[in-house]
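# Close look at the chain arrangement
Chain by chain, the residues run as shown.
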Amino acid sequence: MENLLGTGNSKLVKTAKKFDVKINNFSIPAGNDKKSGKITCPFAGSCIKLCYAKKGAYRWGNVERALTRRYESSKEENFVDRITWELSRIKKNKQLYIRIHDSGDFYSPAYFNKWVEIAMRNRDVRFYAYTKSHSFIRSKFIPYNMDLIFSLGSTNDQLIDQETERHSKIFYSAEEMIDQGYTDASEYDLLATKWFTENNKIGLIIH
Ligand code: SF4
């Protein structure tokens, strides 16, 4: 059976090395295909224009097909079991982090609940995600080993309390980001998470 968890993009590899941890990822296609009904980023707004997951290697045929298979698997009843089984095989001595969605987003409350269940069944693994689906996540129970960063660029940005809620914002320069009091997570992904940065304001420089 095909693995659902990947080894991640170059930023994740670099981050894992820097912090001496293990990082794997799980991704689904980016954007919304209204024709086929495949809605994987239901609250994507202005981000679509800048989305790195809609270009480059993400558009290669084999990568697109793999992301689609992962999306299909996420809808299956055995998704939680499959991910938990894979986690049991890749857990090593190092702290394991799972970056949920370097492409795609929580596309429904039911799908989000599956990740909550996975986190609860794997307390020794830390899960994190950037998400624009905060409108249905905000009221949910979030296990302590899960961290969510609400990202600006959605159709629901006005719902984010930018003082109290961990969120991310795209910048065109480091100066602008620092002036506005944001912590730079452009180079190392884990700096966006509560385990490494207390600041709720996470900045990313566009590339
Ligand atoms: S929500 Fe994320 S993955 Fe989806 S289109 Fe926007 S930036 Fe890309």
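Shown above is the structure to which this text applies.
Below is a short write-up of the structure. (Residues numbered from 1 in each chain as written. Predicted model: local features only at pLDDT ≥ 70, side-chain atom pairs only at ≥ 80, totals over all residues. Heavy atoms only, no water.)

### Some remarks on the pairing of strand β5 (residues 126–131)
In terms of burial, β5 is a largely internal element, five of the six residues being buried. Looking at chain direction, strand β4 (residues 96–100) and β5 are connected through three bridges and run parallel. Directly across from Ile98, in β5, lies its bridge partner Phe127. Where β5 and strand β6 (residues 146–151) come together, five bridges link them in parallel fashion. In the strand pairing of β6, Phe127 is matched with Met146. (Buried < 20%, exposed > 50% of the residue type's maximum accessible area, 1.4 Å probe, protein only. Helix = DSSP H or I, 4+ residues; strand = E, 2+ residues; numbered from the N terminus. Pairing = 2+ DSSP bridges.)

### A short note on the environment of Lys18
Secondary-structure assignment places Lys18 in helix α1 (residues 10–19). A residue is classified by how much of its surface remains accessible, and Lys18, at 52% relative accessible area, is exposed. Residues Lys18 and Leu190 lie 172 residues apart in sequence; the distance between their C-alpha atoms is 9.9 Å.

### Some remarks on the side chain of Ser27
The residue Ser27 is located in the loop between β1 (22–26) and β2 (32–33) in this model. Among the residues examined, Ser27 registers a relative accessible area of 3% and is labelled buried. Here Asp102 takes part through its side chain, which lies 2.7 Å from a polar atom of the side chain of Ser27. From its side chain, Ser27 meets the backbone nitrogen of Ser103 in a polar contact 3.2 Å long. Residues contacting Ser27, with those up to four places away along its chain left out, are Leu67, Arg70, His101, Asp102 and Ser103. (Polar contact = N/O pair within 3.5 Å; in protein donor to acceptor, adjacent residues only side chain to side chain. Contact = heavy atoms within 4.5 Å.)

### Quick notes on helix α4 (residues 79–90)
Between the first and last C-alpha of α4 there are 17 Å, a value that for twelve residues agrees with the 16 Å anticipated at 1.5 Å per step. Taken together, the buried residues of α4 touch β1, α3 (61–74), β4, α5 (109–121) and β5. (Expected span 1.5 Å × (residues − 1).)

### Considering the layout of surface pockets
By volume, the largest pocket is sized at about 990 Å³. Every element with two or more residues in the lining of the largest pocket is listed here: α1, α2 (47–50), β5, β7 (167–171) and β9 (201–205). Of the residues belonging to the lining of the largest pocket, the class tally is 16 nonpolar, 13 polar and nine charged. (1 Å grid on protein atoms, 1.4 Å probe; cavity = no way out; pocket = protein on both sides within 12 Å on 5 of 7 lines; lining within 4 Å. Points joined across faces, edges and corners; volume = space filled by probe spheres on them. Nonpolar A, V, L, I, M, F, W, Y, C, P; charged D, E, K, R; others polar.)

Read these as spatial facts, not as claims about activity.
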